[in-house]
Amino acid sequence: MEYYGDERVIDIIDYVDNKVLPVYKKLFQLPHRYMVLMGGGGSGKSVWASQAVVIRTLETDENMKTLVVRADNTDNRSSTFEEIKARIEDLGVTDLFEINKTSMDITCKRNGNTIIFRGMDDEKIKSIQGVTMIWIEEATEITENEFDQLNIRLRNKRETYNNQIIVTFNPISKNHWLKRKFFDNKDPGFKENTYTLKTNYKDNPFLPEENVKVLEGFKHTSPYYYMVYCLGEWGAVGGSVFDREMLRYDIEHLLRRQLTTHILTLRHESVGRYRDWE
């Protein structure tokens, strides 16, 4: 679909063809209420989620309100908020959005659609009405009850698209409620309304080679962490949560530090096709 503004064409189809990782392209057309994406570092799942939010916000004429959620609202500012702004920049439509950096609210000037960012630690989240799409980032950090409360708020039916909850996370314990609810659930109606996808860095052909080496280095030094945080497999029961979280931080820090140089190079060469964060 094409949009015109400031004497230029915004070609959504071309953007999807050239800037969306192949493994995620079909997801734009899926009608499922629950889009559950689990995977390891560098798999691109959070990039796709932000792409889906921005594209739908831009192209939908109906009154759309997207709620982007983290367990702690302060984490939104350095993660999801930056991801959404980056996708707006990728599309070259920064002038079509009003971005309030203080409140972390984004409004599309073309149609009035909004993107709001909240944490489950914010009491105001309970008063939000009219939500038509939700993206829950790092869903392992919220409780099942909190998810159910968010699910209840997604009830404003639209004519041209289905309401959706996008759930993105790195898998941890196989006893986590996310596995039971979305992967082990035998309820036919729930299963019919759920789409799950597991990806890892191997599904991202544009991940820089130096980042691939960082991830694959854990094959020999920390096989368990390679399985969980690189391959995106469910973690074993037990083990030190502290150790897992510390290593996860180390992996993401290494990836992001190297990717900063990589993306600046791509921008300089004017061929920036992909961002490789989760």
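Residues numbered from 1 in each chain as written. Predicted model: local features only at pLDDT ≥ 70, side-chain atom pairs only at ≥ 80, totals over all residues. Heavy atoms only, no water.

S.K.: Is there a simple way to think about unusual backbone geometry in this case?
M.R.: Residues other than glycine predominantly adopt negative phi, and peptide bonds predominantly adopt the trans conformation. For M104, which is not glycine, the phi dihedral falls at a positive 55°. Structurally, M104 is set in the loop between β5 (97-100) and β6 (105-108). A positive phi angle is found at E138, which is not glycine, with a value near 50°. For E138, a relative accessible area of 7% corresponds to the buried category. (Helix = DSSP H or I, 4+ residues; strand = E, 2+ residues; numbered from the N terminus. Buried < 20%, exposed > 50% of the residue type's maximum accessible area, 1.4 Å probe, protein only.)

S.K.: Honestly, the pattern of salt bridges in this entry has me stumped. Any pointers?
M.R.: Two side chains carrying opposite charge are able to pair once their charged atoms lie near each other. Tallying each qualifying case throughout the model produces 12 salt bridges. The residue E82 makes a salt bridge to K85 at a minimum N-O spacing of 3.1 Å. Of the two residues, E82 and K85 are both situated in helix α4 (residues 80-91); the distance of 3 residues between them amounts to about one turn of the helix. Taking relative accessible area as the criterion, E82 reaches 37% and is therefore assigned partly exposed. According to the relative accessible area criterion, K85 is buried, its value standing at 19%. Linking R87 and E83 is a salt bridge whose minimum nitrogen-to-oxygen distance equals 2.6 Å. Here R87 pairs with E83, and both are found in helix α4, just 4 residues apart, close to one helical turn. Where salt bridges share partners, they join E144, D148, R180 and K181 into one cluster. (Salt bridge = Lys/Arg side-chain N within 4 Å of Asp/Glu carboxyl O.)

S.K.: Would you explain the confidence of the model for the protein in this entry?
M.R.: Low-pLDDT stretches of the model should not have their predicted coordinates read in fine detail. Predicted confidence across the protein gives a mean pLDDT of 84, with 80% of residues reaching 70 or more. Looking at the elements of the protein, mean pLDDT is at its lowest for helix α11 (residues 241-269), recorded as 46, and at its highest for strand β10 (residues 194-199), recorded as 98. Scored below 50 in pLDDT, residues 257-278 makes 51 contacts in the model with residues more than four places away or belonging to other chains. (pLDDT = per-residue confidence, 0-100. Contact = heavy atoms within 4.5 Å.)

S.K.: Help me understand the packing of helix α1 (residues 12-19) against α4, please; the structure alone is not making it clear to me.
M.R.: Packed helices, taken two at a time, are described by their axes: the angle between them and the distance between them. It is at 11 Å that the axes of α1 and α4 come closest, and there the two elements cross at 115°. Taken together, the axis directions place α1 and α4 in an arrangement best described as roughly perpendicular. Crossing geometry of α1 relative to α4 is assigned as right-handed. Residue-level contacts link I12, Y15 and K19 of α1 to R87, D90 and L91 of α4. Of the residues assigned to the contact of α1 with α4, the class counts are 3 nonpolar, no polar and 3 charged. (Axes fitted to C-alpha atoms, helices over the stretch in contact; angles between N-to-C directions. Parallel < 35°, antiparallel > 145°, perpendicular 65-115°, else oblique. Left-handed = near helix turned anticlockwise from the far one by under 90°. Nonpolar A, V, L, I, M, F, W, Y, C, P; charged D, E, K, R; others polar.)

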